[in-house]
Amino acid sequence: MKINFLKPIAIITLFAGALSSCANDDNYGTPESICVESGLTANKTVQQINTAATATVVQYTADDVIEAYVTSSDERGSFFKTVSFQTLPTDGSAPLGFSVSIDDTSLFGKQYYPGKKVFIKMKDLYFTKKNDGLLIGALYQGAVGRIAQSEYAKFVVPSCTEVSEDELVRELTVTQAKNNANINTLIEIKDVQFKDDVVGKTYYDAASDLGGATNRILVDKFGKEVIFRTSSFANFSGNVIPANSGTVRGIMTKFGSDFQFVGRFETDIKLTQPRLTQQEPEEPGQPSPTAAFAFPGGNFENFTTFTTGVTSFGLKPYATQSAGTGRDASAALRIFTPAATANDYVFTTYAYSGLPANYSKIQFYVKGTSSKSLSINVYKNDGTYYTFNLGDVSASKIISVSTSNQYTGTINTNGNWALITLDLTGITDLNRTNFGGNFFALKVGSAQPYDLYLDNFTIE
């Protein structure tokens, strides 16, 4: 009997071809899976963990859980064995970021992709502040290292909740982006281009390798710069840097004192506009003549008016009215101390009826020197507050919201007045109506000398 094998072979070949077509599909969409909720609920906030973190590595012993959303991705090789997370920006509040070290690759395909909500079980993990960012992981040679491949799924648990990147990302200028509060968060830096000397070169260049990556410089029209870092493993590392301007999306990181912006995919680099023309450096705008004082007596001319608006915490004795030393030979508040004994609240003021319903910034002038910097709280309706840290001050600057009070940096204005602008963009919940509640507080760091003059605290 003659047996015909041709038909079965044809069927097998067709099936194999279908499998091959699937395997070679270049569409890397979000991984599909059947999701089952873990039943976990966060009982601590990221802010609480961040506040507790210091440069010292500490083991977390309580049975606590936090939640956050993935911002990074290792899908295209830009990130390696680490995941960046941030909280969800709500009610105008800025998000808070952190990273978790995991000894595994292709985490994107294991439900750790941008927009995915994840629970982190903190018990027995270690945490610290490294390069000013919150880092969570396992203990490795006295430092926070990667959680083992066989262990991390017990600690870092994806939920079934996802959000669009549009709910996570914030659009910032170069100046606003270079802030510790933005570390590990998803941001989009607007109105930038790559510097002239790297246009036409590749994102990664082995001749310019620094730790497996190349640093290129993004610049805005005012000459403000930020490092754009590309890993040699990024799938766009060999592509040519365009000349155009536009926006670049990615994750802000920091190494030492250098802010390093990392794009996750080439599609994060949206340079489609004509090249920018360089302009004179931008300075913060002068306060409007009609701007309200941030607190009564905000120009310190009538010191009784000022002190009457100060809360029961009072005014530190080393903060005094200084006649003739303010702007235009007016009065100023002088802070003069060889060393505060603590991170002092120099003064805290109540909310009052003169605060505007709509606002975008608080401004004040500072002149003098200090070996630590200043930190400011601006209070919300619920009694909590936004923190602004001045950092290094040598000239006028714009300050964005931070995550906690820090006094790092020094102030030396070389005898000139520097205009400090606290950026309130997107903030809508400041305390304007509870006149028995706090509105503004100014703090100094401990154990270091201050000799500063402050004047004209306004809000508009």
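Residues numbered from 1 in each chain as written. Predicted model: local features only at pLDDT ≥ 70, side-chain atom pairs only at ≥ 80, totals over all residues. Heavy atoms only, no water.

1. Comments concerning the confidence of the model for the protein
Put simply, the rule is: Summary of the metric used: pLDDT quantifies the predictor's per-residue confidence within the range 0 to 100. In this description, contact between two residues means that some pair of their heavy atoms is separated by no more than 4.5 Å.
For the protein, the average pLDDT comes to 89, and 92% of its residues sit at 70 or higher. Here residues 1-28 scores under 50 on pLDDT; set against residues more than four positions off or in separate chains, the count is three contacts.

2. Quick word on the nonpolar core
To keep it simple, the criterion reads: By convention a nonpolar core is built from buried Ala, Val, Leu, Ile, Met, Phe, Trp, Tyr and Cys residues, the set being connected through side-chain atoms within 4.5 Å. When accessible area is computed with a 1.4 Å probe and restricted to protein chains, residues below 20% of their type maximum are described as buried, those above 50% as exposed, and intermediate ones as partly exposed. The way it works is that DSSP assigns letters per residue, a run of H or I at least four long becomes a helix, a run of E at least two long becomes a strand, and they are numbered from the N terminus.
Counting 46 residues, the largest nonpolar core has Phe-388, Leu-422 and Phe-440 as its most contacted members. Broken down by element, the residue count for this core peaks at five residues, all from strand 28 (residues 450-459). The residues touching Phe-440, leaving out its near neighbours within four places in the chain, are Phe-295, Phe-347, Thr-348, Thr-349, Ile-362, Ile-376, Asn-377, Val-378, Tyr-379, Leu-422 and Phe-457.

3. Examining the state of the cysteines
Rules: In this description, the term disulfide denotes a pair of cysteine sulfurs within 2.5 Å.
Scanning the entire structure with this criterion turns up one disulfide. Between the sulfur atoms of Cys-35 and its disulfide mate Cys-160 the distance is 2.0 Å. Handedness of the Cys-35-Cys-160 disulfide follows from its S-S torsion of about -100°: it is left-handed. Here Cys-160 lies in strand 9 (residues 156-162) and Cys-35 lies in the loop between helix 1 (6-23) and helix 2 (46-52), a separation of 125 residues in the sequence. Classification of Cys-35 as partly exposed rests on a relative accessible area of 37%.

4. A closer look at the side chain of Lys-117
Heads up, the condition is: Polar contacts here mean pairs of N or O atoms no more than 3.5 Å apart (in protein, one a potential hydrogen donor and the other a potential acceptor; neighbouring residues in sequence count only if both atoms are side-chain atoms).
Relative to the helices and strands, Lys-117 is located in strand 5 (residues 116-121). At 3.4 Å, the side chain of Lys-117 and the side chain of Glu-67 are in polar contact.

5. Brief notes about the environment of Phe-155
Structurally, Phe-155 can be placed in helix 3 (residues 152-155). In the structure, Phe-155 is positioned 66 residues away from Lys-221 in sequence and 45 Å away in space, judged by C-alpha atoms.

6. Some details on the side chain of Ser-78
Following the sequence through the fold, Ser-78 ends up in the loop between strand 2 (65-70) and strand 3 (82-86). Ser-78 sits in the buried class, given a relative accessible area of 12%. Side-chain polar atoms of Ser-78 contact the backbone oxygen of Gly-263, separated by 2.9 Å. For Ser-78, the side chain forms a polar contact with the main-chain oxygen of Arg-264, separated by 3.3 Å. Apart from residues lying up to four places away in sequence, Ser-78 is in contact with Ser-231, Ala-234, Phe-236, Val-262, Gly-263 and Arg-264.

7. Regarding the sheet that holds strand 23 (residues 385-389)
Which entries qualify depends on this criterion: If DSSP finds at least two bridges between two strands, the strands pair. Lines fitted to the C-alpha atoms define the axes, with helices restricted to the stretch that makes contact. Angles between their N-to-C directions range from 0 to 180 degrees.
Strands sit in the order 20-27-22-23 across an open sheet of four strands; the sheet is antiparallel. Two strands bound the open sheet, and with one partner strand each, they are strand 20 (345-350) and strand 23. On average, adjacent strands in this sheet sit at an angle of 15° to one another, irrespective of strand direction. Bridge analysis of strand 22 (residues 374-379) against strand 27 (residues 438-444) gives five bridges, and the strand direction is antiparallel.

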